[in-house]
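Here is what each chain is made of, one letter per residue.
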Amino acid sequence: MATAVNPTSHPTDSPAARRYNRIGRWLGMADFLVGFVFLIGLLVTGWSGWLRDLAYRWGFQNYSIAVFLYVFLLLVISKALGFGLDYYGFRLERRFQLSNQRLRSWLWDQAKSFLLGLVMISIVVELLYFTMRQSPQHWWLITWALLMGLFIMLAQLAPVLLLPIFYKFEPLDNEDLRRRVVLLSQRAGTQVRGVYRWKLSEKSKKANAALTGLGSTRRIILADTLLDNYTPDEIEAVLAHELGHHVHRHILKSILVQAGITLLGFWAANWALHYAVDQHMFEQLSDFANLPLLALISTVLSLLLMPALNAYSRFNERQADRYAFESITSVAPFISSMNRLAEQNLAERTPSKWVEWLFHSHPAISKRVAAAEAWEREQNAVGFSV
Ligand SMILES: [Zn+2]
């Protein structure tokens with residue numbers, strides 16, 4: 001119960017924050033629905049087969065070229081279908097003064113992410129159907145293993161290859177903060193290889209921080225929108241939280257969880273594809289017109305698992321928060337950084353229970369603040385009794 005608490009550490013959500021998050025949720029659901037209906041439509045109308053035949057004609061009847069062209073056509077159509085919603089999302093950020101990105105820059109980002117998606121999805125799909133042709137019985141296991149290798153490689157390359165496609169990074173040049181990072185890491189008995197300034201301000205007014213990379217590319221990235229506006233103590237609290245993710249090996253654990261889910265997905269896909277072939281929906285397993293069916297299985301699976309995965313992520317976030325409480329001298333800067341983040345990002349401090357349960361990868365800010373206060377009370381109690 002919120003009795004006898006400092007009112008300034010428990011501000012309520014503004015109508016703007018409520019509105020912004022509500023629209024954002026509807027936008028996400030609409031986007032999902034468009035993709036879902038598109039995939040179903042492709043399968044039930046036979047358009048998928050028509051697109052496959054077109055891809056064969058354009059691809060000189062070559063299987064691999066046809067697979068690529070089919071993927072290309074599918075991505076172009078789905079981009080065209082979802083573009084209105086994407087643009088609305090861009091306008092939404094500007095309407096709520098969360099972004100000052102120009103239309104040109106946004107369009108350029110869209111083009112880059114489309115190309116990146118095309119390259120990555122083509123590689124995965126080519127690999128998938130190549131394995132399917134070679135080994136119709138074990139394709140799902142082989143593809144899964146190959147995909148996991150690719151996934152780990154991408155996690156490692158993300159901070160040095162993928163993120164720089166969209167943002168600029170430079171090593172943190174603030175001596176005081178670097179010293180704090182070293183002290184925090186020493187206390188943790190670990191070593192984070194780098195802390196980088198993330199030039200987020202070119203695209204957004206929101207503040208953010210993250211732990212990225214694997215092995216030699218492991219690093220903490222801190223948005224300039226945070227570095228330039230928060231006190232050194234607040235930044236240290238955010239750093240300590242990210243270090244908590246590192247100490248608790250959250251990236252590795254998430255990859256393992258993802259691997260388990262993907263294996264389940266491939267098993268289900270194999271079953272569904274064999275069933276579809278038996279029912280003469282497709283002539284053979286490697287008929288790539290069945291790709292929308294695979295995408296549909298993965299979509300439904302991720303939708304069903306979303307609450308569980310978000311719960312797992314919130315568990316990790318609480319662990320990282322707790323690590324932060326233990327590493328910093330006072331939780332006050334943690335609390336003030338949370339409140340500033342909520343205000344700056346128009347985050348809902350107190351989302352409704354079901355919204356948090358379904359959509360939030362992080363605990364509600366009000367709960368994170370309450371946990372920090374409870375931790376401090378606990379510490380004081382221990383201090384008095386000793
Ligand atoms: Zn976190």
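Residue positions are given per chain, counting from 1 as you read along its sequence in written order. Selection of residues for local features in this predicted model requires a pLDDT of at least 70, selection of side-chain atom pairs for listing and counting requires 80 or more, and totals for whole chains, interfaces and linings are taken over all residues. Side-chain measures here rest on the full set of heavy atoms in the structure, leaving out hydrogens and waters.

Caption draft 1: Quick peek at the overall build of the protein chain. Secondary structure counts use DSSP, requiring at least four H or I residues in a row for a helix and at least two E residues in a row for a strand, with both numbered from the N terminus. Each helix and strand counted, the protein chain has 13 helices and 4 strands in total. Radius of gyration means the value over C-alpha atoms here, while the globule rule gives 2.2 Å times the residue count to the 0.38 power. The C-alpha atoms of the protein chain give a radius of gyration of 24 Å, which matches the 21 Å a tight globule of 386 residues would have. Overall size of the protein chain, expressed as C-alpha extent along the three principal axes, is 75 × 45 × 40 Å. Note on exposure labels: buried denotes an accessible area under 20% of the residue type's maximum, exposed denotes more than 50%, and partly exposed covers the range between, all computed with a 1.4 Å probe on protein chains only. Looking at the 386 residues of the protein chain, the share that counts as buried comes to 44%. Working rule for contacts: check all heavy atoms of both residues, and any pair within 4.5 Å makes them a contact. Here the contacts in the protein chain between residues at least 6 apart in sequence split such that 76% fall between residues at least 24 apart. When the accessible surface of the protein chain is split by element, carbon and sulfur atoms take 64% of a total near 20,800 Å². Taken as two groups, the 38 positive and 30 negative side-chain charges of the protein chain have centres that lie 3 Å from each other. All accessible-area figures derive from a Shrake-Rupley calculation using a 1.4 Å probe, and residue coverage is judged against the displayed protein chains alone. The convention is simple: Lys and Arg are positive, Asp and Glu are negative, and His and the chain ends are not counted. Note that the charge is assigned to NZ on lysines, CZ on arginines, CG on aspartates and CD on glutamates.

Caption draft 2: A look at helix α5 (residues 139-162). Helix length check: α5 (24 residues) gives 28 Å between terminal C-alpha atoms against 34 Å at 1.5 Å per residue, more than 12% under. Two axes define the bend at a residue: one fitted to the seven residues ending there, one fitted to the seven starting there, and the bend is the angle between them. Maximum bend of α5: about 45°, positioned at glutamine 156, with proline proline 159 one to four residues after it. Residues of α5 that are buried make contact with α4 (103-134), β3 (209-212), β4 (219-223) and α9 (250-278). The length a helix should cover is 1.5 Å for every residue beyond the first.

Caption draft 3: Seen up close, the packing of aromatic side chains. Stacked, tilted and edge-to-face are the three classes assigned to paired rings of Phe, Tyr and Trp, where Trp is represented by its six-membered ring and a pair needs centres within 6.5 Å; plane angles under 30 degrees give stacked, over 60 edge-to-face, the rest tilted. Taken as a whole and judged by the stated rule, the model has 18 aromatic pairs. Note on phenylalanine 325 and tryptophan 375: the rings are 6.0 Å apart at their centroids and 45° apart in plane angle, and the pair reads as tilted. On the criterion of sequence distance, the pair formed by phenylalanine 325 in helix α10 (residues 291-327) and tryptophan 375 in helix α13 (residues 365-385) is long-range, its members being 50 residues apart. In this pair, the class of phenylalanine 325 matches that of tryptophan 375, namely buried. Clustering of aromatic rings is evident, with ring pairs tying together Tyr56, Tyr63, Tyr70, Tyr129 and Phe288. Should the NZ of a Lys or the CZ of an Arg lie within 6 Å of a ring centre and within 35 degrees of the ring normal, that charge is described as sitting over the ring. Directly above the aromatic system of tyrosine 63 lies the positively charged group of arginine 133, at a separation of 3.7 Å from the ring centroid. Here arginine 219 stacks its cationic end above the ring of tyrosine 196, 4.3 Å away from the centre of that ring.

Caption draft 4: Spatial organisation of the pattern of salt bridges. Basic side-chain nitrogens of Lys or Arg form a salt bridge, by our definition, when they fall within 4 Å of a carboxyl oxygen of Asp or Glu. Tallied over the entire structure, the rule returns 23 salt bridges. A salt bridge links glutamate 170 to lysine 199; the shortest N-O distance between them is 3.6 Å. You can see glutamate 170 sitting in strand β1 (residues 169-171) and its partner lysine 199 sitting in the loop between β2 (195-198) and β3, a full 29 residues away along the chain. On the accessibility criterion, glutamate 170 (30% relative accessible area) is partly exposed. A relative accessible area of 24% places lysine 199 in the partly exposed class.

Caption draft 5: Molecular detail of unusual backbone geometry. Of note, the phi angle at glutamine 61 is positive, near 60°, even though the residue is not glycine. Turning to its location among the elements, glutamine 61 is positioned in the loop between α2 (47-58) and α3 (63-95). The phi dihedral of arginine 249 falls on the positive side, at around 55°, and the residue is not glycine. Within the fold, arginine 249 resides in the loop between α8 (232-247) and α9.

Caption draft 6: Fine view of the pairing of β3. Here the rule is simple: two strands pair whenever DSSP picks up at least two bridges between them. Note: β3 against β4, 4 bridges, orientation antiparallel. Bridge pairing in β4 places leucine 211 opposite isoleucine 220. With antiparallel pairing between neighbouring strands as the criterion, β3 and β4 make up a hairpin whose turn holds 6 residues, including glycine 213 at a positive phi of roughly 85°.

Caption draft 7: View of the confidence of the model for the protein chain. The predicted model of the protein chain averages 93 in pLDDT, with 97% of residues at 70 or higher. Each residue carries a pLDDT score, the predictor's confidence in it, ranging from 0 to 100. A low-confidence stretch, residues 1-7 stays under pLDDT 50, and its non-local contacts, those more than four residues away or across chains, total 1 contact.

Caption draft 8: Fine view of the coordination of the zinc ion. As a rule, N, O and S atoms within 2.8 Å of a metal are its donors, except that Na, K and Ca use 3.2 Å; water is not among the atoms, so sites may look incomplete. Here the zinc ion is held by His241 (NE2), His245 (NE2) and Glu317 (OE), and the distances to it run 2.0 to 2.1 Å. Residue classification places histidine 245 among the buried positions, given a relative accessible area of 9%.

Caption draft 9: Expanded view of the pairing of β4. With 5 of its 5 residues buried, β4 lies for the most part within the structure. Side chains Arg219, Ile221 and Ala223 project from β4 onto one buried face, and the interleaved Ile220 and Leu222 project onto a second face that is buried too. Relative to β4, β2 runs parallel, the two sharing 4 bridges. Considered in β4, the bridge of valine 195 is made with isoleucine 220.

Caption draft 10: Quick peek at the environment of serine 302. Note on placement: serine 302 falls in helix α10. Each C-alpha atom of the pair serine 302 and isoleucine 261 lies 8.9 Å from the other, and the pair is 41 residues apart in sequence. Pairs of N or O atoms within 3.5 Å make up the polar contacts considered here, provided that, within protein, one atom can donate a hydrogen while the other can accept it, and that residues adjacent in sequence are counted only when both atoms are side-chain atoms. At a separation of 2.5 Å, a polar atom in the side chain of serine 302 contacts the main-chain carbonyl oxygen of serine 298.

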